[in-house]
Amino acid sequence: MSQPIDQPFIKIQDVSRQFGTVAALKDVSLNIRAGEFFSLLGPSGCGKTTLLRMIAGFEHPDSGSICIDSIDMAGVPANRRPTNMVFQSYAIFPHLSVAENVGYGLKRSDHSKQEISARV
Amino acid sequence: MGGSSKSLFIYAVVYLAFLYAPIALLPIFAFNDSAVIAFPLSGGTLRWFSMLWEAKALQTALYNSVLIAITTALLSTGLGLFAARAAARYEFPAKRGILGFIMLPMILPEIIIGVALLVVLMQLGQPLSIWTVVLGHVLVCTPFSFAILSTAFNSMDNSLEEASLDLGESGTATFFRVILPLVAPGIVASLLVTFTLSLDEFIIAFFLTGSDVTLPVYIWSQLRFPARLPSVMALGLLMVLMSLMLLLIAEFFRRRSSRLVSGVSSIPEEPLL
């Protein structure tokens, strides 16, 4: 995030997504700056979730592009994107304890057990 | 109302007696000191059980059956796991047709499967062995495994998997850290069901077995000798006890799984078995 504050951090350009005969998104463009608190409002079924899922990497636009920090996210899978999302159903892992849920993303080879428990 | 509920009660008792009374005869005659299976009883004995202990052919048959059942359970649950995961998560061409083909052996008469496999194996010049029986059993057990595991996969919330990816975990690691633990009770249930199915399967084993007979085939061959009948009863009693134990284990895991998943997503309350 070395660029000036008025540069868009997330840049969405002419994004469209069609589900069967329903057009969920049609030529949506918007810019979000770093540090900005951005709200997306609208009635149910207007495409908020679709857009959010596209930024997170679970849906792919039929046309248009999504850039985060000036990098095109087209070929980047969800687990390599610098995004985090809270799911409608919360998606809390039922087989793990509270601490294991909180520390889930940390538990990879580059984090030791002590470090995880300290950060949790 | 009193009259009708009373007659329903009698109906239920008769129904249950008809179902389970024959099994109750097993322990009675397994301990009866007479080679003839008939009343009146003529005193208790354990000699049928000691006869079992000495029958080496029976022990070989039991060993064959258990080996076949364990191999079948592992293979069919493995195949069912892949198929159920693909069916629950992905769309691909001819999906319905492919899934139909997977379920087909469940409704095909076993005698047809047995004869067809025998013809094919003969044409290929493949000698019959334990492994040809495993082949036939995997074919009929995979649909059951697929059905059980499909329920497990469908009752899992998809966003759990997405949440794991969102937190930066790779696809493979997500499978082992999230998906596998959540469907584990289904895997255990599938292993137990396919093990049981394979253990007491007769028709396919009868067609595809070579000189290594399985337990049901062995029991069938023993029925020609009336003197051995009581020891078959003793064997039957041991097998009923073993099945009951497996059933209790399966039920334990099923209850644990509904406790695990409750509140996040629903799992059918009726028992799997």
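Quick caveat: nothing in here was measured; it's all calculated off a predicted structure.

For the rest of this paragraph, the subject is the overall build of chain A. Secondary structure summary: chain A contains three helices and four strands in total. If you list the helices and strands of chain A from N to C, you get β-β-α-β-β-α-α. The proportion of buried residues among the 120 residues of chain A is 34%. Of the contacts made within chain A by residues no fewer than 6 positions apart, 48% connect residues no fewer than 24 positions apart. Entry remark: accessible area of chain A is about 8,000 Å², with carbon and sulfur atoms responsible for 54%.

Turning next to the sheet that holds strand S2 (residues 22-33) of chain A. Residues and elements named next belong to chain A. Here we have four strands laid out as an open sheet, ordered S2-S1-S3-S4, and antiparallel in their pairing. With one partner strand each, in any of the chains shown, S2 and strand S4 (71-72) form the two edges of the open sheet. Relative to S2, strand S1 (residues 8-19) runs antiparallel, the two being bridged by eight bridges. Looking at S2, one finds that Ile 10 is bridged to Ile 32. Relative to the sheet, helix H1 (residues 48-56) contacts S1, S2 and strand S3 (63-68), its axis offset from that of S1 by approximately 120°.

Each side of the interface is counted separately: chain B has 20 residues, and chain A has 19 residues. Carbon and sulfur atoms make up 57% of the area that chain B and chain A hide from each other, which totals about 1,900 Å². Where chain B packs against chain A, one counts one salt bridge. In this structure, Arg 53 of chain A engages Glu 162 of chain B in a salt bridge whose closest nitrogen and oxygen atoms are separated by 2.8 Å. Summed over the shared surface of chain B and chain A, the result is seven residue pairs in polar contact (both at pLDDT 80 or more).

Moving on, we come to the pairing of S3 of chain A. Remark: a regular strand shows side chains that alternate across the two faces of the sheet. Residues and elements named next belong to chain A. Looking at chain direction, S1 and S3 are connected through five bridges and run antiparallel. Across the sheet, residue Ser 16 finds its bridge partner in S3, namely Ser 63. Two elements, S3 and S4, share two bridges in a ladder whose sense is antiparallel. Following the sheet pairing, Cys 67 is matched in S4 by Asp 72. Two successive antiparallel strands, S3 and S4, enclose a turn made up of two residues, where Asp 69 displays a positive phi of approximately 55°.

Residues and elements named next belong to chain B. Under the criterion given, the structure shown has eight aromatic pairs over all chains. Aromatic side chains Tyr 11 and Tyr 15 sit 6.0 Å apart centroid to centroid with 40° between the ring planes, which places their arrangement in the tilted category. Separated by four residues within a single helix, Tyr 11 and Tyr 15 lie in helix H1 (residues 2-30), roughly one turn from each other. By relative accessible area, Tyr 15 is classed as partly exposed at 47%. Here the aromatic residues Phe 202, Phe 206, Phe 207 and Trp 220 are joined through ring pairs into a cluster of three or more.

Rules used throughout
- Residues numbered from 1 in each chain as written.
- Chains lettered and ligands numbered in written order.
- Predicted model: local features only at pLDDT ≥ 70, side-chain atom pairs only at ≥ 80, totals over all residues.
- Heavy atoms only, no water.
- Helix = DSSP H or I, 4+ residues; strand = E, 2+ residues; numbered from the N terminus.
- Buried < 20%, exposed > 50% of the residue type's maximum accessible area, 1.4 Å probe, protein only.
- Contact = heavy atoms within 4.5 Å.
- Areas by Shrake-Rupley, 256 points an atom, 1.4 Å probe, with all protein chains shown as cover.
- Pairing = 2+ DSSP bridges.
- Axes fitted to C-alpha atoms, helices over the stretch in contact; angles between N-to-C directions.
- Buried area = accessible area lost by both parts, 1.4 Å probe.
- Salt bridge = Lys/Arg side-chain N within 4 Å of Asp/Glu carboxyl O.
- Polar contact = N/O pair within 3.5 Å; in protein donor to acceptor, adjacent residues only side chain to side chain.
- Phe/Tyr/Trp six-rings, centres within 6.5 Å; stacked < 30°, edge-to-face > 60°.

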